[in-house]
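Residue-level listing of the chains:
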Amino acid sequence: MDAVQNEPDRRAKQIARDEYYMRLADAVETGADCLGTKVGAVIVLEDRVISTGYNGTPSGFANCKDGGCVRCKDRWHEKQGNQHLMSDEAHKAGQALDRCVCVHAEQNAFITAARFGIRVDRGVLYTTQSPCFSCLKESVQAGITRIVYHQWYKASYSPRIAQQYRDLYEHLTEGDPTRFEALGGGRPQVETDGQMDSDAATEGEEAVELEPPSEES
């Protein structure tokens, strides 16, 4: 009976901790120097911050805003309506993502931990944007047991890839929806100005916009 009565209190304390760590992720995000959506990530293990990361070009490389990433620069030109300045017309939203030299915030947090011999297994990932397909996949493989995001990153996938994204986060949560959720639960704000996050659908399929998970899922 006490356990049931204390559940709302435990949830309130969990959300309060989440808000604290997300404020740190927000601060980390300010280090991002990317022409696309800026993202900050924090990994927490046993209630201690063990690694952080923001998106940007590899260490020692020219920053994205200084021309370090050709694809991001072309994407920026496209968004400004200056397609004639693009070096490659394939560098559009949802296309040629393998040519982007920028490392994602979550990836940088994982790599930084690895460089310094810090385990992330059983850790919690806080990220200012919901993870892309690759970062979600890498989170599962790294042993992350919970992901909390501030905003939902607007992305389009083929129906089969969208379902596989859902399969990945359901695999991570093991039936507990609070292990992949927006900050505070409920419906998150949606990032609408980000670079769309998938390759085009396969022939004969139309891309679908991936929706955040519902509170019941």
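Please read all numbers here as calculations on a predicted model, not as lab measurements.

The next thing to look at is the overall build of the chain. Check the secondary structure of the chain and you find 5 helices and 8 strands. Residue burial in the chain is summarised as follows: out of 217 residues, 45% are buried. Within the chain, residue pairs in contact and separated by at least 24 positions form 70% of the contacts whose partners lie at least 6 positions apart. Here the chain displays about 11,600 Å² of accessible surface, and carbon together with sulfur accounts for 47% of that area.

Take helix 5 (residues 159–173) next. Taking 1.5 Å per residue, 15 residues should reach 21 Å; helix 5 reaches 21 Å between its end C-alpha atoms and fits that length. When helix 5 is considered as a whole, its buried residues turn out to be Ala-162, Tyr-165, Leu-168, Tyr-169, Leu-172 and Thr-173. The buried residues of helix 5 all sit within an arc of 130° when viewed along its axis, so they share a single face. Projecting away from the buried face of helix 5 at angles above 90 degrees are the exposed residues Arg-160 and His-171.

All right, on to a nonpolar patch on the surface then. On the surface, Tyr-20, Leu-24 and Val-49 cluster together into a nonpolar patch covering about 240 Å² of accessible area. Along the polypeptide, Leu-24 turns up in helix 1 (residues 2–29).

Look at any regular strand and the pattern is simple: side chains alternate between the two faces of the sheet. Sheet topology note: the strand 1 (residues 40–45)/strand 2 (residues 48–54) ladder contains 6 bridges and is antiparallel. In the strand pairing of strand 2, Gly-40 is matched with Tyr-54. Counted along the chain from strand 1 to the antiparallel partner strand 2, the turn is 2 residues long, and its residue Glu-46 has a positive phi close to 50°.

Under the counting rule described, the total for this entry stands at 10 aromatic pairs. With a centroid separation of 5.4 Å and an interplanar angle of 55°, the aromatic rings of Tyr-149 and Phe-180 are classed as tilted. Highlighted residues: Tyr-149 in strand 4 (residues 146–153) and Phe-180 in strand 6 (residues 180–182), separated in sequence by 31 residues. Grouping residues by exposure puts Tyr-149 and Phe-180 together as buried. In this structure an aromatic cluster arises from ring pairing among Phe-133, Tyr-149, Trp-152, Tyr-157, Tyr-165, Tyr-169 and Phe-180.

Taken together, the buried positions of helix 4 (residues 133–142) are Phe-133, Cys-135, Leu-136 and Ser-139. Buried positions along helix 4 lie against helix 3 (105–115), strand 3 (124–129), strand 4, strand 5 (156–157), helix 5 and strand 6. Where helix 4 ends, the next residue or the one after it, Gly-143, has phi of about 90°, a positive value.

With that out of the way, let us pick up empty space enclosed by the protein. Evaluated as defined, the whole model comprises 1 cavity of 30 Å³ or more. In this structure, the largest cavity occupies an estimated 40 Å³ of space. Taken together, 10 residues line the largest cavity, and the ones lying closest to its centre are Pro-131, Tyr-153, Ala-155, Tyr-157 and Tyr-165. Its residues assigned to classes, the lining of the largest cavity comprises 8 nonpolar, 1 polar and 1 charged.

The next point concerns the environment of Gln-14. Along the chain, the position of Gln-14 falls in helix 1. Spatially, the C-alpha atoms of Gln-14 and Gly-184 are 8.9 Å apart, while their sequence positions differ by 170 residues. With near-sequence residues (within four places) excluded, Gln-14 lies in contact with Arg-146, Thr-178 and Glu-181.

Our focus in this paragraph is the pairing of strand 4. Summarising burial for strand 4: 6 of the 8 residues are buried, a large majority. In the sheet, strand 3 pairs with strand 4 via 5 bridges, with the strands oriented parallel. Across the sheet, the residue bridging to Tyr-126 is Val-148, located in strand 4. Taken together, strand 3, helix 4 and strand 4 form a β-α-β motif whose crossover is right-handed. Where strand 4 lies against strand 6, 3 bridges are found, and the strand directions are parallel. By the bridge assignment, Ile-147 is partnered in strand 6 with Phe-180.

Reading the values: the criteria
Here the residue index of a chain counts from 1 through its sequence in written order. For a predicted model such as this one, the threshold for reporting local features is a pLDDT of at least 70, and the threshold for listing and counting side-chain atom pairs is 80 or more; totals across whole chains, interfaces and linings nevertheless cover every residue. The side-chain quantities take in all heavy atoms of the structure and omit both hydrogens and water. Helix and strand definitions here come from DSSP, where helices need a minimum of 4 consecutive H or I residues and strands a minimum of 2 consecutive E residues; each element is numbered from the N-terminal end. Residue exposure (1.4 Å probe, protein chains only): buried if accessible area is under 20% of the type maximum, exposed if over 50%, otherwise partly exposed. In this analysis, two residues are considered to be in contact whenever any of their non-hydrogen atoms come within 4.5 Å of each other. Under the convention used here, a 1.4 Å probe and the Shrake-Rupley method define accessible areas, while residue burial counts only the protein chains that appear. Given a helix with a known number of residues, its expected span is that number minus one, times 1.5 Å. Taking the helix axis as origin, the arc is that swept by the directions to the C-beta atoms. What goes into a patch is any residue over 30% in relative accessible area without a salt bridge, connected to like charges within 9 Å or, for nonpolar side chains (Val, Leu, Ile, Met, Phe, Trp, Tyr), within 5 Å. Each salt bridge in this description consists of a side-chain nitrogen of Lys or Arg and a carboxyl oxygen of Asp or Glu lying within 4 Å of one another. At least two DSSP bridges between two strands are needed for those strands to be called paired. Stacked, tilted and edge-to-face are the three classes applied to pairs of Phe, Tyr and Trp rings, where Trp contributes its six-membered ring and a pair requires centres within 6.5 Å; stacked means planes under 30 degrees apart, edge-to-face means over 60, and tilted covers the rest. Buriedness for pockets is judged along seven lines, at least five of which must meet protein on both sides within 12 Å for an open set on the 1 Å grid over protein atoms alone, while cavities are sets there where a 1.4 Å probe fits but cannot get out, and lining residues have an atom within 4 Å of a point. Grid points are joined across faces, edges and corners, and a volume is the space filled by probe spheres set on the points. Classification used: nonpolar for Ala, Val, Leu, Ile, Met, Phe, Trp, Tyr, Cys and Pro, charged for Asp, Glu, Lys and Arg, polar for all others including Gly. Here the term right-handed applies to a crossover when the path leading from its first strand over the helix to its second strand runs clockwise, the strands being oriented away from the viewer.

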